Amino acid sequence: ILVSIIFTIMANTFDNEAVFGKNPNSTEPTVEAPKQVRDFTVYDADGNTVVTDGVLLKQDGAYYISNKAGMFWFANEVNVNGNSFAGKTVKLANDIDLQNAAWTPVGQTGATTFNGVFDGQNHTISNLKHHGTEEDCYVGLFGYTENATIKNLTIENNVSYIERIVNYNTNGTLTLENVKIVNAEGCKLNYAVNLPASSDNAKVVIKDSEIWANANALNLWGENTVANISRSKLYIVDSNKIEGYSV
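Residues numbered from 1 in each chain as written. Predicted model: local features only at pLDDT ≥ 70, side-chain atom pairs only at ≥ 80, totals over all residues. Heavy atoms only, no water.

**Side note on the environment of His123**
Considering the arrangement of structural elements, one finds His123 in strand β6 (residues 117-126). Taking the C-alpha atoms as reference points, His123 and Asp95, 28 residues apart in sequence, are found 4.9 Å from one another. Once residues within four sequence positions are removed from consideration, His123 is found in contact with Leu92, Ala93, Asn94, Asp95, Asn152, Leu153 and Thr154. Within the structure, the side chain of His123 is placed 3.1 Å from the side chain of Asp95, a separation counted as a polar contact. (Helix = DSSP H or I, 4+ residues; strand = E, 2+ residues; numbered from the N terminus. Contact = heavy atoms within 4.5 Å. Polar contact = N/O pair within 3.5 Å; in protein donor to acceptor, adjacent residues only side chain to side chain.)

Take a look at the structure:
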């Protein structure tokens, strides 16, 4: 009897719904407790987001790549995950040696293009290599771009059939600013920037750059495609649609 009395007193003392759940006779709506979402984001000592090895997403909103692994993450993010980086900036934090590893250009088709800003911050990417044959020359650091800007970058010691910055610019404007290609080897007939007949209504703006490709620095033959070149040195230009530059 004593146990029964104590139990009755405790049940009346505490909120029935809090202790035993919602009263089935209650007409009040059920209020569910908010679900907790765990944050597995990793931050460095400065509060920047660690995306992966060699990649930081800093508080200025830009992605900073510091090593070879980061460059391959960048290519995979565009080519496999379909991230165009439109409205975003990718920056190099260091000089990066790709160590002649088999490179897949950033942007593989018109469906996977790079649409952002790639800022080398005056760093160098070296030993960029495509493991293929001379027939596979249609490759570069970037494959397909759309309204992209590539700037403040040097590419050197490119070997084995790869020496392009961009192979196709599908639409819009491609801007190269303060870009240099040096010590290029490989394809006998090649272009640092290649916009063939299939690349229509595109424009290339090249300024403050030096492009010493093995043959022609620029190929522009797409319909309504034009280049505007200023304060730049290009070895040979293959195009009849150039503004502000005499071959």
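**Describing the packing of aromatic side chains**
In the structure shown here, the tally under the stated rule is 11 aromatic pairs. With a centroid separation of 5.4 Å and 70° between ring planes, the pair formed by Phe74 and Phe85 is classed as edge-to-face. Taken together, the residues span a long stretch of sequence, with Phe74 in helix α3 (residues 68-79) and Phe85 in the loop between α3 and β4 (89-92) at a distance of 11 residues. The same class applies to Phe74 as to Phe85, namely buried. Taking the centre distance of 5.2 Å and the plane angle of 40° together, the rings of Phe114 and Phe142 count as tilted. Pair noted here: Phe114 is in the loop between β5 (96-97) and β6 and Phe142 is in strand β7 (residues 140-146), with a separation of 28 residues, a long-range link. By the burial criterion, Phe114 is buried, and Phe142 matches it. Ring-pair connections join several aromatic residues into one group, and the members of that group are Tyr63, Trp73, Phe74, Phe85, Phe114, Phe118 and Phe142. When the ring centre of Tyr64 is taken as reference, the NZ or CZ atom of Lys58 above it lies at 4.3 Å. (Phe/Tyr/Trp six-rings, centres within 6.5 Å; stacked < 30°, edge-to-face > 60°. Buried < 20%, exposed > 50% of the residue type's maximum accessible area, 1.4 Å probe, protein only. Lys NZ or Arg CZ within 6 Å of the ring centre and 35° of its normal.)

**Here we look at the nonpolar core**
If you look at soluble globular proteins, the nonpolar side chains tend to sit buried side by side. Counting residues in hydrophobic clusters, the biggest one holds 42 residues, and the most contacted among them are Met71, Phe74, Phe118 and Ile150. Among the elements that make up this core, the one with the highest residue count is strand β9 (residues 164-182) (six residues). Discounting chain neighbours no more than four positions away, the residues touching Phe74 are Ile65, Phe85, Val90, Val106, Phe114, Phe118 and Phe142. (Core = buried A, V, L, I, M, F, W, Y, C linked by side-chain atoms within 4.5 Å.)

**Some words on the pattern of salt bridges**
Here the structure, examined in full by the defined rule, presents one salt bridge. Between Asp208 and Arg231 there is a salt bridge, and its shortest N-O distance comes to 2.7 Å. Linking Asp208 in the loop between β11 (202-207) and β12 (210-211) with Arg231 in the loop between β14 (226-230) and β15 (233-234), this pair joins segments that are 23 residues apart in sequence. A relative accessible area of 61% means that Arg231 is categorised as exposed. (Salt bridge = Lys/Arg side-chain N within 4 Å of Asp/Glu carboxyl O.)

**Some remarks on the pairing of strand β1 (residues 49-52)**
As paired elements, β1 and strand β2 (residues 55-57) share three bridges and run antiparallel to each other. Bridge pairing in β2 places Val50 opposite Leu56. Between the antiparallel neighbours β1 and β2 lie two residues, among them Gly54 with a positive phi of about 85°. (Pairing = 2+ DSSP bridges.)

**Regarding the pairing of β4**
Looking down a regular strand, the side chains alternate between one sheet face and the other. Judged from the three bridges that link them, strand β3 (residues 63-65) and β4 form a sheet pairing that is parallel. Counterpart to Tyr63 in the pairing with β4 is Val90. Running through α3, the crossover from β3 to the neighbouring parallel element β4 is right-handed. Of the pairings in the sheet, the one linking β4 to β6 comprises three bridges and is parallel in character. (Right-handed = clockwise from strand over helix to strand, strands pointing away.)

**Looking at the confidence of the model for the protein**
The predicted model of the protein has a mean per-residue pLDDT of 76, with 61% of residues at 70 or higher. Confidence drops under a pLDDT of 50 for residues 1-11, and excluding neighbours within four residues, the segment shows two contacts in the predicted structure. (pLDDT = per-residue confidence, 0-100.)

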